[in-house]
Amino acid sequence: MEEQIRLNKYLSTCGYCSRREADRLLELGRVSVDGIPAGLGDKVLPGQSVCVDGESVFRNPDRVVIAFHKPAGVVCTSSKKDRDNIIDYIGFDQRIYPVGRLDKDSTGLILLTNDGELTDRILRGRNGHEKEYVVRVDRPVKENVLEAMRQGVPILDTMTRPCQVEKMDERSFRIILTQGLNRQIRRMCEYFGYRVVSLKRIRIMNIYLDLLPEGKWRYLTEEELQVLEQSLKGQKFYNE
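Only a predicted model underlies this, so the values are computations on that prediction, with no experimental measurement involved.

Counting its regular elements, the chain contains seven helices and 17 strands. Computed over C-alpha atoms, the radius of gyration of the chain comes to 20 Å, within 12% of the 18 Å expected from 2.2 N^0.38 for 240 residues, which places it in the range of a compact globule. Principal-axis analysis of the C-alpha atoms places the extent of the chain at approximately 65 × 35 × 35 Å. Counting the 240 residues in the chain, one finds 47% classified as buried. A fraction of 66% describes how many contacts in the chain between residues 6 or more apart in sequence connect residues 24 or more apart. Looking at the chain as shown, the accessible area adds up to about 13,100 Å², and 47% of this sits on carbon and sulfur atoms.

Residues of helix α6 (residues 184–191) that are buried include every one of Q184, I185, R186, M188 and C189, and no others. Structurally, α6 contributes buried residues whose contacts are with β10 (131–137), α5 (143–151), β11 (154–155), β14 (172–177) and β15 (196–204). Looking at the residues trailing α6, positive phi occurs at G193, about 85°.

Topologically, R201 is positioned in strand β15. Looking at R201, its side chain comes within polar contact range of the main-chain oxygen of L109, at 2.7 Å. In this view, R201 contacts R101, L102, T107, G108, L109, I110, K131, E132, Y133 and L209; residues no more than four positions away in its chain are not counted.

We now examine the pattern of salt bridges. On inspection of all chains with the given rule, the structure shows 15 salt bridges. A salt bridge links E130 to R203; the shortest N-O distance between them is 2.8 Å. Placement of E130 in the loop between α4 (116–123) and β10 and of R203 in strand β15 is noted, with a sequence separation of 73 residues between them. Overall, E130 belongs to the partly exposed group, its relative accessible area being 29%. By relative accessible area, R203 is classed as buried at 7%. For the salt bridge of R203 with E132, the shortest nitrogen-to-oxygen distance reads 2.8 Å. Taken together, the residues span a long stretch of sequence, with R203 in strand β15 and E132 in strand β10 at a distance of 71 residues.

Across all of its chains, the model carries five aromatic pairs by this definition. When the ring of F92 is compared with that of W217, the centres are 5.2 Å apart and the planes differ by 75°; the resulting orientation is edge-to-face. With a gap of 125 residues between them, F92 in the loop between α3 (86–90) and β8 (97–98) and W217 in strand β17 (residues 217–219) connect regions that are remote in the sequence. With relative accessibility at 14%, the residue F92 sits in the buried group. A relative accessible area of 31% places W217 in the partly exposed class. Judged by centre distance (5.0 Å) and plane angle (85°), the rings of Y191 and F192 are edge-to-face. Here the aromatic cluster, defined as three or more aromatic residues joined through ring pairs, consists of F92, W217 and Y219.

What follows deals with helix α7 (residues 222–232). Within an α-helix, residues lying three or four positions from one another point in the same direction, as the helix has 3.6 residues per turn. All buried positions along α7 are accounted for by E224, L225, L228 and L232. Within α7, the buried residues cover an arc of 95° as seen down the axis, which keeps them to one side. Of the exposed residues in α7, the ones pointing more than 90 degrees away from its buried face are E222, E223, Q226 and Q230.

If you trace the four strands from one edge of the open sheet to the other, you get β3-β2-β5-β6, paired in antiparallel fashion. If you trace the sheet from one side to the other, it starts and ends with β3 (36–37) and β6 (55–56), each paired once. Alignment of strand β2 (residues 31–33) against strand β5 (residues 50–52), held across three bridges, turns out to be antiparallel. Its bridge partner being in β5, V33 is matched across the sheet by V50.

How each quantity is defined
Every chain's residues receive numbers from 1 upward, in the order its sequence appears when written. Where totals are concerned, whole chains, interfaces and linings use all residues; where local detail is concerned, this predicted model gives features only for residues with pLDDT of at least 70, and gives and counts side-chain atom pairs only at 80 or more. Just so you know, side-chain values use all the structure's heavy atoms and leave hydrogens and water out. Numbered from the N terminus, helices here are DSSP runs of H or I no shorter than four residues, and strands are runs of E no shorter than two. This radius of gyration counts C-alpha atoms alone. The globule rule is 2.2 Å times how many residues there are, raised to the power 0.38. Relative accessibility under 20% of the residue-type maximum defines a buried residue, over 50% an exposed one, and the middle range a partly exposed one, all with a 1.4 Å probe and only protein chains included. Any two residues whose heavy atoms approach within 4.5 Å at even a single point are treated as in contact. Note on areas: Shrake-Rupley with a 1.4 Å probe; residue coverage comes only from the protein chains shown. For the purposes of these results, a polar contact is taken to be a pair of N or O atoms within 3.5 Å, where, inside protein, one atom must be able to donate a hydrogen and its partner to accept one; residues adjacent in sequence count only when each atom of the pair is a side-chain atom. The working definition used for a salt bridge is a side-chain nitrogen of Lys or Arg within 4 Å of a carboxyl oxygen of Asp or Glu. In summary, the pairing rule links any two rings of Phe, Tyr or Trp, Trp by its six-membered ring, whose centres are within 6.5 Å, and it sorts them by plane angle into stacked for under 30 degrees, edge-to-face for over 60 and tilted for everything else. Within this analysis, the arc is defined by the directions that extend from the helix axis to the C-beta atoms. DSSP-based pairing: two strands are paired if at least 2 bridges between them are found.

Next comes the structure, spelled out in structure tokens:
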């Protein structure tokens, strides 16, 4: 008997979007199977026709994962409605989408891929994957403020997870987070009365920005992919 798979997993495996985004499309009634509107939890058999907004979606056997040095002003969205969207800026010749977000005003490393399963595993908050940033603020940073950041800061009706923070110079520090709350670093700084002047992400897990020029991208190396896969090994997908 042929095996059915959930539509959100199918769309993710095809590289169309993440599972979370697939669920949103299903809720909006934008997905059909063999011409029949599909809903959350529906499954698909091999050979059936899956469409989003009337356009067929096929499995992509060739996985793409790239690292991009995002400039300020570029928006981490695949929506063509935003003229500053990251997809148009890069102009890649295949359908890819960003793994997570980086604020419009922030710069630095962001990954893009056509592999929805990889995206879901990296973004799953409970897995606590490290992301490293260099932050510069508008006035000298006090050590007691950095220590408070290490312990956790009350923002967005929650307490941030303990994190690593290291002072770099009078107004700059390096911080490693294992969660991704909305504008988390900026809100943490604002809590103590600081304004972020610049914020650059320099690492996601084992992937480093290094000397990649701003506005440029590169493919991940085989070694980087192998280490990344090993780090994600055994972690379950979203909604699986």
